[in-house]
Amino acid sequence: MLLIIGAVIVVASVLGGYMLHGGHLMVLWQPTELLIIFGAAIGSFIIANPLHMIKEVFSGILRLLTGSPFNKSYYMDLLSLLYEIFDKSRKQGVMSIEEDIDNPESSEIFSRYPAIMKSKTLLDFITDYLRIISAGNMATHELEGMMENEIDSRQHELEEPAHAVNKIADALPGLGIVAAVLGIVITMNFLSEGPERIGLSVAAALVGTFLGIWMGYGFVGPTSIAMEHAAKYELKAYECVKSAIVATVSGQAPQMAIEFGRKALPTDKRPGFQELNDHVRAK
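Rules used in this analysis
Residues numbered from 1 in each chain as written. Predicted model: local features only at pLDDT ≥ 70, side-chain atom pairs only at ≥ 80, totals over all residues. Heavy atoms only, no water. Salt bridge = Lys/Arg side-chain N within 4 Å of Asp/Glu carboxyl O. Helix = DSSP H or I, 4+ residues; strand = E, 2+ residues; numbered from the N terminus. Buried < 20%, exposed > 50% of the residue type's maximum accessible area, 1.4 Å probe, protein only. Axes fitted to C-alpha atoms, helices over the stretch in contact; angles between N-to-C directions. Parallel < 35°, antiparallel > 145°, perpendicular 65-115°, else oblique. Left-handed = near helix turned anticlockwise from the far one by under 90°. Contact = heavy atoms within 4.5 Å. Nonpolar A, V, L, I, M, F, W, Y, C, P; charged D, E, K, R; others polar. Core = buried A, V, L, I, M, F, W, Y, C linked by side-chain atoms within 4.5 Å. Expected span 1.5 Å × (residues − 1).

(A) Seen up close, the pattern of salt bridges. Scanning the entire structure with this criterion turns up 14 salt bridges. Among the ionic pairs, Arg131 bridges to Asp128, the shortest N-O distance being 3.2 Å. Taken as a pair, Arg131 and Asp128 lie in helix α8 (residues 120–135) at a separation of 3 residues, close to a single helical turn. A relative accessible area of 32% means that Arg131 is categorised as partly exposed. Between Arg154 and Glu234 there is a salt bridge, with the nearest N and O atoms lying 3.1 Å from each other. Of this pair, Arg154 sits in helix α9 (residues 140–187) while Glu234 is found in helix α10 (residues 195–249), placing the two residues 80 residues apart along the sequence. For the pair shown, Arg154 and Glu234 are each scored as buried. Salt bridges here are not isolated pairs; linked through shared partners, they connect Glu84, Glu108 and Arg112.

(B) Representation of the packing of helix α5 (residues 72–92) against α8 within the structure. The interhelical angle for the contact between α5 and α8, taken along N-to-C directions, is 20 degrees, at an axis separation of 13 Å. One element, α5, and the other, α8, form an angle in the roughly parallel class. Between α5 and α8 lies a crossing whose hand is right-handed. Touching Tyr74, Leu78, Leu81, Leu82, Ile85 and Phe86 of α5 are Leu122, Ile126 and Leu130, all from α8. In terms of residue class, the contact of α5 with α8 is made up of 9 nonpolar, no polar and no charged.

(C) Expanded view of the nonpolar core. Of all hydrophobic cores here, the largest spans 42 residues; its most connected members are Leu78, Phe86, Leu122 and Ile126. Listed by contribution, the elements that provide at least two residues to this core are α5, α8, α9, α10, α11 (254–263) and α12 (273–282). Every residue in contact with Ile126, bar those within four places of it in the chain, is listed here: Leu78, Leu81, Leu82, Ile116 and Val241. Formed by 22 residues, the second largest nonpolar core is a distinct cluster that contains Leu28, Met53, Ala164 and Phe219.

(D) The arrangement of the packing of helix α3 (residues 31–48) against α10 in detail. The N-to-C vectors of α3 and α10 enclose an angle of 40 degrees; their axes lie 9 Å apart at closest approach. Comparing their axes, α10 and α3 come out oblique. For the pair α3 and α10, the sense of crossing is right-handed. Within the contact between the two elements, α3 uses Glu33, Leu34, Ile37 and Phe38 and α10 uses Ala204, Ala205, Gly208, Leu211, Gly212 and Met215.

(E) Up close: α5. The end-to-end C-alpha distance of α5 is 30 Å, a good match for the 30 Å that 21 residues give at a rise of 1.5 Å each. Immediately beyond the C-terminal end of α5, within one or two residues, lies Gly93, with a positive phi of roughly 100 degrees.

(F) Broad picture of the environment of Gly60. Position of Gly60 relative to the elements: it lies in helix α4 (residues 51–66). Residue Gly60 is classed as buried on the basis of its relative accessible area of 9%. For the pair Gly60 and Ala226, spaced 166 residues apart in sequence, the C-alpha to C-alpha distance is 9.6 Å.

Following this line, the structure appears as structure tokens:
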């Protein structure tokens, strides 16, 4: 929603100011300039990125439009899931959770949290380290170090789509100049046709520069920043899991272990202590 609201404000401010200053919108409608700029931008994007990255970029943009799943409700479900696993392990022994972590799809505990089940990579992260715990042959600091290494790797993966989009944003002003130069080249053919014809042709060429700069700094660049923010919220889920698992391996009770996880969450989406406690009891 914020992405759409921001885009509407950018369009209304730029085009509204242009019209109030006496400009005519139809002058800005230059389909050939759009073809040059966006065609070249899409082509360069395809050249620069592997297929999986292209898919991740479009998936990331779609998530921005539909809303990130990593909100307070998601984090509460995540902490509640961890509490149930830790509590079962504490009461029935570590071996009791083997069936849950080996087959989370059929697990009574995991099935109560469909939002977590949809996050396949995070689910694998949880089950992999719970499996390591059940093996019981790794020191706490070694486990924490391994988790930090994987989180660092995941951070790089999550930020790559935003970086790819940002590179296109940086290229758009230059591609706008390409379109403008080509327009000036065409204008050279009209030198004998009078100032009115030359003026229209130059205006069309300058629209290319305008579109490249406007799209780069007004839309594509901010979109890459929004994708970075979305990646950070997802990464916080991994840090939350790490903190909670390390705490439980260190001997903390389930309630205290998820408190360590809660404190790893961003403050704007972090549930309160009592709020989380009520959610866990309800589950």
